[in-house]
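Coordinates in review
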Amino acid sequence: MPRGKRRHAIDMRPSEEDQQSTKRQRNSYQSSRRYSKSEDAFSQKRCLAWFREYTTPDDTDTLGPEGMEKFCEDIGVEPENVAMLVLAYKMGAKQMGFFTQSEWLKGLTDLQCDTASKVQCKLEYLRNMLNDPNSFKIIYRYAYDFARDKDQRSMDIETAKAMLQLLLGKHWPLYAQFAQFLEQSKYKVINKDQWCNILEFSRTISNDLTNYDVDGAWPVMLDEFVEWLRQLRAQSTIS
């Protein structure tokens, strides 16, 4: 090779400094990818540290009402949002307004969430669980024991109305009339049998009540509701 061309070829090689720079860039990129993957992967340690942000020094194993309010703010939902009920169900939470450490880890490990942003990405999934009739029934029944005062065997009527509004308000055409019936009724509590039968009633009885069997095995509460609603409709027809 002529001397001039050989010198030109040597000049075209990357310098040692350029090689080191390229290597640093490659290492930086690979390190960035590894960091990104570690951030995406669920970490029980990170999940537990996040839980601690909502607890107090007096009780580090329980997230209480104040912590719950902050948690809801961080994930961008109201405490009364139905997604919170489904999240509590996923955790197996025993008491409304509280998450224990074991409940938190159970539910969020299942959802693979260890940050607020990850839970936000799951909110639609949690709401959509209610679109499946079987899942809805399970969560509906769970809601009774979750929401009732643990010192009482039955759910107080105000809590029951709030939970019925949350679960059936948008889906049961007769909910408004049923809520009105409860307002003027003598009932101060709802027991679990009544609670479960309200769901069955909402699913099986037509809005005109023509398929309601007064001799069926419905609770007296629902017999009274049907009688009350028929009288109300009869009065509206006359007037």
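Presented here is a report on the structure given in the accompanying data block. (Residues numbered from 1 in each chain as written. Predicted model: local features only at pLDDT ≥ 70, side-chain atom pairs only at ≥ 80, totals over all residues. Heavy atoms only, no water.)

Quick word on the side chain of K161
By the element assignment, K161 lies in helix 9 (residues 157–168). Those residues within four positions of K161 in sequence are excluded, and the remaining contacts are Y175, L182 and E183. (Helix = DSSP H or I, 4+ residues; strand = E, 2+ residues; numbered from the N terminus. Contact = heavy atoms within 4.5 Å.)

Considering the pattern of salt bridges
A complete count under the given rule lists 11 salt bridges for this structure. Residues E124 and R127 are paired through a salt bridge, measuring 3.5 Å at the closest nitrogen-oxygen approach. With a gap of three residues between them, E124 and R127 both fall in helix 7 (residues 116–128), about one helical turn apart. Residue E124 is classed as partly exposed on the basis of its relative accessible area, which comes to 47%. A residue is classified by how much of its surface remains accessible, and R127, at 26% relative accessible area, is partly exposed. Between K192 and D145 there is a salt bridge, with the nearest N and O atoms lying 2.6 Å from each other. One end of the pair, K192, is in helix 11 (residues 192–204); the other, D145, is in helix 8 (residues 133–147), with 47 residues separating them in the sequence. On the accessibility criterion, K192 (36% relative accessible area) is partly exposed. Counted as one network, the salt bridges with shared partners bring together R46, D114 and K118. (Salt bridge = Lys/Arg side-chain N within 4 Å of Asp/Glu carboxyl O. Buried < 20%, exposed > 50% of the residue type's maximum accessible area, 1.4 Å probe, protein only.)

Quick notes on the layout of surface pockets
Of the volumes computed, that of the largest pocket is approximately 420 Å³. Taken together, 17 residues form the lining of the largest pocket, with F136, L166, L167, K170 and H171 sitting closest to its centre. Secondary structure elements with two or more residues in the lining of the largest pocket: helix 7, helix 9 and helix 11. Among the elements that take part in the lining of the largest pocket, helix 9 stands out by supplying four residues, more than any other. Here the residues of the lining of the largest pocket are counted per class, giving eight nonpolar, five polar and four charged. Its volume calculated, the second largest pocket comes out at about 300 Å³. Taken together, 15 residues form the lining of the second largest pocket, with P79, E80, M84, M96 and F146 sitting closest to its centre. (1 Å grid on protein atoms, 1.4 Å probe; cavity = no way out; pocket = protein on both sides within 12 Å on 5 of 7 lines; lining within 4 Å. Points joined across faces, edges and corners; volume = space filled by probe spheres on them. Nonpolar A, V, L, I, M, F, W, Y, C, P; charged D, E, K, R; others polar.)

Observations regarding the packing of helix 10 (residues 175–184) against helix 12 (residues 220–238)
One way to put it is that helix 10 packs onto helix 12 with a least axis distance of 10 Å and a crossing angle of 105°. It follows from the interaxial angle that helix 10 and helix 12 lie roughly perpendicular. Mapping the contact onto sequence places Q177, F178, Q180, F181, L182 and Q184 in helix 10 and M221, L222, E224, F225, W228, L229 and R233 in helix 12. Class assignment of the residues belonging to the contact of helix 10 with helix 12 gives a composition of eight nonpolar, three polar and two charged. (Axes fitted to C-alpha atoms, helices over the stretch in contact; angles between N-to-C directions. Parallel < 35°, antiparallel > 145°, perpendicular 65-115°, else oblique.)

Quick look at the environment of D213
In this structure, D213 sits in the loop between helix 11 and helix 12. D213 sits in the partly exposed class, given a relative accessible area of 41%. The spacing of D213 and D223 is 10 residues in sequence and 9.0 Å in space, taken between C-alpha atoms. Within the structure, D213 has its side chain in polar contact with the backbone nitrogen of D215 (distance 2.9 Å). (Polar contact = N/O pair within 3.5 Å; in protein donor to acceptor, adjacent residues only side chain to side chain.)

Observations regarding helix 6 (residues 101–111)
Along helix 6, the residues classified as buried are Q101, E103, W104, L105, G107, L108 and L111. On its buried face, helix 6 is in contact with helix 3 (44–52), strand 1 (62–63), helix 4 (65–75), helix 5 (82–91), strand 2 (99–100) and helix 7. Following helix 6 by one or two positions, Q112 has its phi on the positive side, about 60°.

Regarding a negative patch on the surface
There is a patch of like negative charges on the surface, built from E66, E69, E73, E78 and E80. With respect to the helices and strands, the residue E69 is situated in helix 4. We classify E69 as partly exposed; its relative accessible area is 48%. (Patch = residues over 30% accessible without salt bridge, like charges linked within 9 Å, V, L, I, M, F, W, Y side chains within 5 Å. Areas by Shrake-Rupley, 256 points an atom, 1.4 Å probe, with all protein chains shown as cover. Lys, Arg positive; Asp, Glu negative; His and termini not counted. Charge placed at Lys NZ, Arg CZ, Asp CG, Glu CD.)

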